Amino acid sequence: EQVYVVLDINDYRKNKEHYVRELARTTADEVTLLKTPKELPPMTAAERRLVHLELQERSDIETESAGEGETRRVVIKIKEKD
């Protein structure tokens, strides 16, 4: 039987999640204002998922992951009209 232990020293995980969500929102606002796509820095799969989830309700922008492996990142851009 395997046992997993998760350490969260000084609320690191909670603070990191807050940072990633805030970065997603402010970058999306910037993309909307400037009308140009922006790439976020490379992130783990869990962090990229947070960005996608944080912005999924917005009708003005869309997100996609780009890159490979350790350099995989989220691109935030204006949603194209149908």
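Refer to the structure above for everything that follows.
Since the model is a prediction, treat every value here as computed from it, not as a measurement.

Draft legend 1. Region of the structure containing the environment of threonine 26. In this structure, threonine 26 sits in helix H1 (residues 12-34). Residue classification places threonine 26 among the partly exposed positions, given a relative accessible area of 38%. Measuring from C-alpha to C-alpha, the distance between threonine 26 and arginine 48 comes to 15 Å, with 22 residues separating the pair along the chain.

Draft legend 2. Highlighting the layout of surface pockets. If you add up the space inside the largest pocket, you get close to 190 Å³. Taken together, Tyr12, Arg13, Lys16, Glu17, Thr44, Ala46, Glu47 and Leu50 make up the full set of residues lining the largest pocket. Mapped onto the lining of the largest pocket, the elements with two or more residues apiece are H1 and helix H2 (45-55). Partitioning the lining of the largest pocket into residue classes produces 3 nonpolar, 1 polar and 4 charged.

Draft legend 3. Fine view of the pattern of salt bridges. All told, the structure shown has 11 salt bridges when counted by the stated rule. Ionic pairing is found between arginine 21 and glutamate 54, a salt bridge with its closest N-O pair at 2.5 Å. Taken together, the residues span a long stretch of sequence, with arginine 21 in helix H1 and glutamate 54 in helix H2 at a distance of 33 residues. Of the residues examined, glutamate 54 reaches a relative accessible area of 22% and is grouped as partly exposed. Close ionic contact of arginine 73 with glutamate 39 constitutes a salt bridge, the shortest N to O distance being 3.7 Å. Of the two residues, arginine 73 is situated in strand S3 (residues 73-78) and glutamate 39 in strand S1 (residues 38-39); the sequence distance between them amounts to 34 residues.

The rules behind the values
Residues numbered from 1 in each chain as written. Predicted model: local features only at pLDDT ≥ 70, side-chain atom pairs only at ≥ 80, totals over all residues. Heavy atoms only, no water. Helix = DSSP H or I, 4+ residues; strand = E, 2+ residues; numbered from the N terminus. Buried < 20%, exposed > 50% of the residue type's maximum accessible area, 1.4 Å probe, protein only. 1 Å grid on protein atoms, 1.4 Å probe; cavity = no way out; pocket = protein on both sides within 12 Å on 5 of 7 lines; lining within 4 Å. Points joined across faces, edges and corners; volume = space filled by probe spheres on them. Nonpolar A, V, L, I, M, F, W, Y, C, P; charged D, E, K, R; others polar. Salt bridge = Lys/Arg side-chain N within 4 Å of Asp/Glu carboxyl O.

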